[in-house]
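# Report on the structure
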Amino acid sequence: EAKRQGRGLVRVFTEAMDESIRLRRRIEDGLSHAITAGELKLHYQPIVARESLEITGFEALLRWQSPEYGTMSPALFIPIAEESNLIHDLGDWVLEAALETVKTWPGQYVSVNFSPRQFRRQNFVGQLVERVQRSGVAPNRVQIEITETAIFDDAERAADTLYRLRQMGFRIALDDFGTGYSSLTNIRKFALDCLKVDRSFIDGMGRERTSMAIVQSIVHLGRSLGLEVVAEGVETEAQVDTLRAAGCSHLQGYHLARPMPAEDALLLAERRFVRAPITEAPGTAA
Ligand code: C2E
Ligand code: MG
Ligand code: MG
Ligand code: MG
């Protein structure tokens, strides 16, 4: 009886696997047409200075409006693209679009996400430089966001790539910091401008002492290496206060501003500041 049940489970499991593989294929197929069908766009989310809330840059975040699946999260389709060569076409499209947009802003940088496969592509630096030069955008207005996974597999080569990029004036940010495998001493080897503290730690700050301790350690590490430290996923005013006190230099999150279409980002960029968080200014209370 147990054996028969076991076989039944295996069958159910296998069918579920087949189903998920089919779904992956369909998504892959849809994605491969998304560029030419005009279904992709970028949203931009402000990154602001801790005290003044002045916008120093915007992160470009890919959006896919699929006729079949609706708006699908990049957290879902990027990994699928990453497993095929599609990631390169998507990445090229993202870079072109981000470069066109950053040109319209008065001075902020655009922060572009690159997945590990993009980063490790043959001649990544050469192609990037060529595209940025052709666009006429100064490299210091382009920030390259990569994760720890992208650089720690082949640390020597990654260190060399980052060094070259930084020499040419690009900004480099380590994304989702704290969730990967970086050994803290290794961080010194990489030419970086910015650490982005993963949202999960910001989210945990109010609840667990460990999250708070991790945020403080990252801020400390970043500052002692002369890096900017951006807190990701800031959702409350209490978090803003805590992060200011901890010495985090920059903030990003729904509480400051959500990712938005290019038209809206331009208006904000021209205004230079995000709306002040909802607090009483000192002395205005009745
Ligand atoms: P990420 O690079 O860590 O981007 C931050 C994510 O957090 C974004 O999700 C953003 O919308 C979300 N976020 C920002 N503030 C808050 C907040 O206060 N609360 C919460 N809950 N979330 C917040 P999104 O846009 O869904 O992107 C997910 C991931 O997909 C990105 O994580 C990045 O790894 C990847 N991705 C997005 N666009 C691109 C792209 O153009 N190329 C590549 N290679 N990956 C991309
Ligand atoms: Mg990012
Ligand atoms: Mg991130
Ligand atoms: Mg993330």
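Structure's up top.
The sections below set out a description of the structure shown in this document. Values in this document were obtained by computation on a predicted structure and should not be read as measured data.

Neighbouring ligand 1 are 24 residues, the closest being Arg63, Asn113, Asp175, Glu235 and Tyr254. Take glutamine 45: an N or O atom from its side chain is 3.1 Å from a nitrogen atom of ligand 1. For ligand 1, a nitrogen atom lies 3.1 Å from a polar atom in the side chain of arginine 199. In the complex, 84% of the free accessible area of ligand 1, which totals 800 Å², lies under the protein chains. Put simply, ligand 1 lies in the largest pocket. Looking at the shell around ligand 1, the elements with two or more residues in it are strand S2 (55-66), helix H2 (74-82) and strand S6 (171-177). Ranked by the residues each element gives to the shell around ligand 1, the list is headed by S2, at four residues. Here the residues of the shell around ligand 1 sort into nine nonpolar, seven polar and eight charged.

Ligation of the magnesium ion (ligand 3) by protein atoms is provided by Asp175 (OD), Asp176 (OD), Glu232 (OE) and Glu232 (OE), these donors lying 2.0 to 2.6 Å from the ion. In this model, the magnesium ion (ligand 3) sits 3.8 Å from the magnesium ion (ligand 2), the two metals being bridged by aspartate 175. Taken together, the positions of aspartate 175 in strand S6 and glutamate 232 in the loop between strand S8 (228-231) and helix H10 (237-246) put the pair 57 residues apart, joining distant regions of the chain. With a relative accessible area of 11%, glutamate 232 lands in the buried category.

Right, let's talk about the layout of surface pockets for a bit. The volume enclosed by the largest pocket comes to roughly 1,200 Å³. Around the largest pocket, the lining is made up of 36 residues, and of these Glu59, Leu61, Pro74, Asn113 and Asp175 lie nearest the centre. Across the lining of the largest pocket, the residue classes tally to 15 nonpolar, 11 polar and 10 charged.

The next subject is the side chain of glutamate 39. Within the secondary structure layout, glutamate 39 lies in the loop between helix H1 (2-34) and strand S1 (40-49). Here glutamate 39 sits buried without a salt bridge, and the closest side chain of opposite charge, arginine 26, lies 13 Å off (N-O distance). A distance of 2.9 Å separates a polar atom in the side chain of glutamate 39 from a polar atom in the side chain of tryptophan 64. With near-sequence residues (within four places) excluded, glutamate 39 lies in contact with Gly30, Ala34, Arg63, Trp64, Gln65, Ser66 and Pro67.

In a perfect tetrahedron of four donors around a metal, the angles come out at 109.5 degrees. In a perfect octahedron of six, they are 90 or 180 degrees. Here the magnesium ion (ligand 2) is held by the protein donor atoms Glu59 (OE), Asn113 (OD1), Glu145 (OE) and Asp175 (OD), which lie 2.0 to 2.3 Å from it. Counting residues between consecutive donors of the magnesium ion (ligand 2) along the chain gives the motif E-x53-N-x31-E-x29-D. Here glutamate 59 falls in the buried class, since its relative accessible area comes to 5%.

Now for the pattern of salt bridges. Going through the model one piece at a time under the given rule, you end up with 19 salt bridges. Between arginine 272 and glutamate 54 there is a salt bridge; the shortest N-O distance is 3.1 Å. Placement of arginine 272 in the segment after helix H11 (262-271) and of glutamate 54 in the loop between S1 and S2 is noted, with a sequence separation of 218 residues between them. On the basis of relative accessible area, arginine 272 is assigned to the partly exposed category, the value being 40%. Judged by relative accessible area, which is 26%, glutamate 54 ranks as partly exposed.

Three or more residues of H2 are buried, namely Phe77, Ile80, Ala81 and Glu82. A side-chain oxygen of the first residue of H2 lies 3.0 Å from the backbone nitrogen of alanine 75; this N-cap is serine 73.

Calculation notes
- Residues numbered from 1 in each chain as written.
- Chains lettered and ligands numbered in written order.
- Predicted model: local features only at pLDDT ≥ 70, side-chain atom pairs only at ≥ 80, totals over all residues.
- Heavy atoms only, no water.
- Near = heavy atom within 4 Å.
- Polar contact = N/O pair within 3.5 Å; in protein donor to acceptor, adjacent residues only side chain to side chain.
- Areas by Shrake-Rupley, 256 points an atom, 1.4 Å probe, with all protein chains shown as cover.
- 1 Å grid on protein atoms, 1.4 Å probe; cavity = no way out; pocket = protein on both sides within 12 Å on 5 of 7 lines; lining within 4 Å.
- Sits in = over half its atoms within 2 Å of the grid points.
- Helix = DSSP H or I, 4+ residues; strand = E, 2+ residues; numbered from the N terminus.
- Nonpolar A, V, L, I, M, F, W, Y, C, P; charged D, E, K, R; others polar.
- Donors = N, O, S within 2.8 Å, 3.2 Å for Na, K, Ca; no water.
- Buried < 20%, exposed > 50% of the residue type's maximum accessible area, 1.4 Å probe, protein only.
- Points joined across faces, edges and corners; volume = space filled by probe spheres on them.
- Lys, Arg positive; Asp, Glu negative; His and termini not counted.
- Salt bridge = Lys/Arg side-chain N within 4 Å of Asp/Glu carboxyl O.
- Contact = heavy atoms within 4.5 Å.

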